[in-house]
Amino acid sequence: MEKSALQIARSAYQPKLPKALQGPVACKEGKPTESVGNQSDIKKLFPNTYGMPVIEFEAGEKKDFAPINVGVILSGGQAPGGHNVISGLFDGIKSINPDSKLYGFILGPGGLVDHKYIELTADIIDEYRNTGGFDIIGSGRTKLEEEWQFEKGITILRELGIKALVIIGGDDSNTNACVLAEYYAAKEYGVQVIGCPKTIDGDLKNEQIETSFGFDTACKTYSELIGNIQRDCNSARKYWHFIKLMGRSASHIALECALQCQPNICLVSEEVEEKNMSLDDVVKYIADAVALRAADGNNYGTVLIPEGLIEFIPAIKKLIAELNDVLATPEAKEIARNKQIDYVKSHISEENLKVFNSLPTDVASQLALDRDPHGNVQVSLIETEKLLSHMVADKLEKMKKAGQYDGKFATQHHFFGYEGRCAAPSNYDADYCYSLGFNASRLIANGKTGYMSIIKNTTAPAAEWIAGGVPITMMMNMEKRNGKMKPVIRKALVELDGAPFKYFASKRANWGRYTSYVYPGPIQYFGPTEVCDQSTITLKLEQGK
Ligand code: FBP
C-alpha cells in the first residue's frame, strides 16, 4: 500500500496505555450489578450473564497463559480508531502468549455467519496502525440475533479454535454481543464474547462508559470544516450556511461542534422534543434569529442541524412510531415499493395521517420507506438542511410582508457525516482505542464474557486512565423495536440539565446575534500536548474540567 509522508510518520506512533495495563494485571471485582431498567425481564432473558460485577484492573503478578485464538468483528458505521482497537487487541493477546492468533471476520457480523475471515498477522496489523477506517476487515450492519446465526457462528469458531470473540460496535451491536454471550454461556460452548464501545454518534455512554470511540475525531474533523465555512462566511458575508451533522438520534455531535465553533444557531433535537416544538416552531426559531442579525446588517450566518432532528419533533416521532409498527408486519413486507406509501396512508391513524400529509413529499416518503436492519429510519437520507432553509425562506418572506424583517437570505447547504467517520484518529482516539483493544485481551485472559471493555478517567493523562469491564446487561432495558419489546442498551441522549448543554444554552443568545466564530483548524498529531492530546469539550464539561 502506498503511503503519504504523514501516514509513514503516523504509523510509527506508539499509542499510550494506562499504567495498569503496562504489566501483568489483577482483576478487582465490584458488587453485583442490576440493569438500568426492567430488571426482572432482563434477568430472566440473561440468566447466565446478569448481575455480574464491574471490573477494574490493577497491577498484578505475572502468570503463564496458554495461547488463545480470538476473533474480531467490526460492526455498524465506521468510527475513527477501529484499527487501533484491533492492533491493541493483537498486541494484547500476543503479550499474553506469542502463539495466540487473531482472526478478523469480513464485512461485519455477516462474516461470522457466512464463515468469511482472515488471519490478522503482524504484517497486516502494522499496515493499519493509527489509521482511520474499518477497511482492514470491513464492517457491516447484519443483525446477529437469531439462533441459527449463533449456531453457524459456533461452527467456524470451533473450526478455527477461537475461544473469544470481540465485537466492536454501537448500542445495537453490543446488545447483540450480549445476546450472543448469553447464548454461548447457556449452551456451554466455551466461547467468551466481549464488546467495545464504538460510534461517532457519542450516544453509547453512561456512568461506566465515558465516551464511545470515534466521537472525538469525527467532531474535530467536522469542527475543522465548520470553522473553515465560518471563515468563508465571515469573509463574504452573503450566505446563511445550513450544516447538517451526523448522529442518527442524539445531538451530541452537533452540540460538541457548537461548543468548538460557536456558530450562530445550533438546534438540539432533545430540546426540540422537550419543548414539544412543531416543525413550524423550529422554522420560526431560525427565522427570528436570521431577522435579528439582519437588523444589525448581518445577512449571513451558520446553522448546525443534528441529523436526527426530524425524529424528535414530537408529532413526527409519534408518526414514525406508528409507521415502524405498520411496516414491521409480514403483510407490509410483501407490499411492492411503489405501493408502500398508499399502504401506510391507509393503515395509520387519522392524527398521524394529518402530520404525514403536511410533510414535504420527499420527507414523507423517506419516513415511509426503508429501515436499516435494526429498524431505524435512515435519517442520513433525509435532507433536513434543505427542508429547513426552504421553510425559513418562506417564513422570512411572510415576515417581510408584515414588516418584521428586512434583509437578504441566500443559502448554502452542507451535510457532514461520511467525511469524518474514517478520519485518521486523533491522539485521543488512537490512545483510547488501542487501550480498549488491549484491555479486551485482559478481560479475555481473565475468563470474562458478556462484558464491554472500558477505559475511564480519559481527561487525565493516559497513564492515569482506569481500565476494566462493565457487564453489558447492566446497561440494558426493554424497548420496542420492529414492533416487539426487546432487551437493548439504553441510548444516551443529550441531557438538558447536563453541563455541556447548560454551557451552550448560557452562550447561544450571544453567539446567535454577534459573530463569535471559533476556527478550530485541523487535528494535530505532533506537537504540544495542549494542541494534540485534548479530549472533546463535552467530556471535559461532563467531568467538571
Ligand atoms: P453506528 O451507530 O453504527 O456507529 O453508525 C452511526 C452513523 O454514522 C450515524 O451517524 C448515521 O446516521 C449512520 O451511521 C449512517 O449509516 P450508513 O453508514 O449505513 O449510511
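See the structure above.
1. With respect to the pattern of salt bridges
Phase 1 of the analysis: Scanning the model with the defined rule gives 23 salt bridges in all.
Phase 2 of the analysis: The partner of Lys-205 in a salt bridge is Glu-542, and the shortest N-O contact between them spans 2.6 Å. Pair noted here: Lys-205 is in the loop between β7 (192–197) and α8 (215–236) and Glu-542 is in helix α23 (residues 537–542), with a separation of 337 residues, a long-range link.
Phase 3 of the analysis: Taking relative accessible area as the criterion, Lys-205 reaches 14% and is therefore assigned buried.
Phase 4 of the analysis: Through salt bridges with shared partners, a single network forms among Lys-16, Asp-431 and Asp-533.

2. Regarding the pairing of β7
Each regular strand carries side chains that alternate between the two faces of the sheet.
Phase 1 of the analysis: Summarising burial for β7: six of the six residues are buried, a large majority.
Phase 2 of the analysis: Here β7 shows two buried faces, one formed by Gln-192, Ile-194 and Cys-196 and the other by Val-193, Gly-195 and Pro-197.
Phase 3 of the analysis: Pairing between strand β6 (residues 162–169) and β7: six bridges, direction parallel. Looking at the pairing, Ala-164 lines up with Gln-192 of β7.
Phase 4 of the analysis: Each parallel crossover has a hand, and the one from β6 via helix α7 (residues 171–186) to β7 is right-handed.
Phase 5 of the analysis: Across two bridges, the pairing between β7 and strand β12 (residues 451–456) is parallel. Opposite Gly-195, over in β12, you have Met-452 as the bridge partner.

3. Details of the site of the ligand
Phase 1 of the analysis: The environment of the ligand is made up of 13 residues, and the closest members are Gly-77, Thr-199, Asp-201, Glu-307 and Tyr-418.
Phase 2 of the analysis: Within the side chain of Arg-141, one N or O atom sits 2.9 Å away from an oxygen atom of the ligand.
Phase 3 of the analysis: Side-chain polar atom of Arg-421 to an oxygen atom of the ligand: 2.9 Å apart, as the coordinates give it.
Phase 4 of the analysis: Coverage of the ligand by the protein chains reaches 85% of its 480 Å² of free accessible surface.

4. Examining the side chain of Asp-91
Phase 1 of the analysis: Position of Asp-91 relative to the elements: it lies in helix α3 (residues 82–96).
Phase 2 of the analysis: Given a relative accessible area of 18%, Asp-91 falls into the buried group.
Phase 3 of the analysis: When neighbours within four sequence positions are excluded, Asp-91 is seen to be in contact with Arg-129, Tyr-434 and Phe-438.

5. Considerations on the sheet that holds β12
Phase 1 of the analysis: The strand order across the open sheet formed by nine strands is β1-β2-β13-β12-β7-β6-β3-β4-β5, and the pairing between neighbours is mixed. Pairing within the sheet leaves two strands with one partner each, and these edge strands are β1 (25–29) and β5 (117–119). Shown here is a sheet whose adjacent strand axes are inclined to one another by a mean of 30°, direction ignored.

6. Looking at the side chain of Asp-171
Phase 1 of the analysis: Residue placement: Asp-171 occurs in helix α7.
Phase 2 of the analysis: Here Lys-491 takes part through its side chain, which lies 2.8 Å from a polar atom of the side chain of Asp-171.
Phase 3 of the analysis: Sequence-distant contacts of Asp-171, that is, excluding residues within four places in its chain, are made with Leu-204, Ile-489 and Lys-491.

7. A closer look at the packing of helix α15 (residues 340–347) against helix α16 (residues 350–358)
Phase 1 of the analysis: Interhelical geometry of α15 versus α16 gives an angle of 145° and a closest axis separation of 8 Å. Where α15 abuts α16, its residues Ile-341, Val-344 and Lys-345 lie against Leu-353, Phe-356 and Asn-357.
Phase 2 of the analysis: For the contact of α15 with α16, the class distribution of residues is four nonpolar, one polar and one charged.

Rules and cut-offs
- Residues numbered from 1 in each chain as written.
- Predicted model: local features only at pLDDT ≥ 70, side-chain atom pairs only at ≥ 80, totals over all residues.
- Heavy atoms only, no water.
- Salt bridge = Lys/Arg side-chain N within 4 Å of Asp/Glu carboxyl O.
- Helix = DSSP H or I, 4+ residues; strand = E, 2+ residues; numbered from the N terminus.
- Buried < 20%, exposed > 50% of the residue type's maximum accessible area, 1.4 Å probe, protein only.
- Pairing = 2+ DSSP bridges.
- Right-handed = clockwise from strand over helix to strand, strands pointing away.
- Near = heavy atom within 4 Å.
- Polar contact = N/O pair within 3.5 Å; in protein donor to acceptor, adjacent residues only side chain to side chain.
- Areas by Shrake-Rupley, 256 points an atom, 1.4 Å probe, with all protein chains shown as cover.
- Contact = heavy atoms within 4.5 Å.
- Axes fitted to C-alpha atoms, helices over the stretch in contact; angles between N-to-C directions.
- Nonpolar A, V, L, I, M, F, W, Y, C, P; charged D, E, K, R; others polar.

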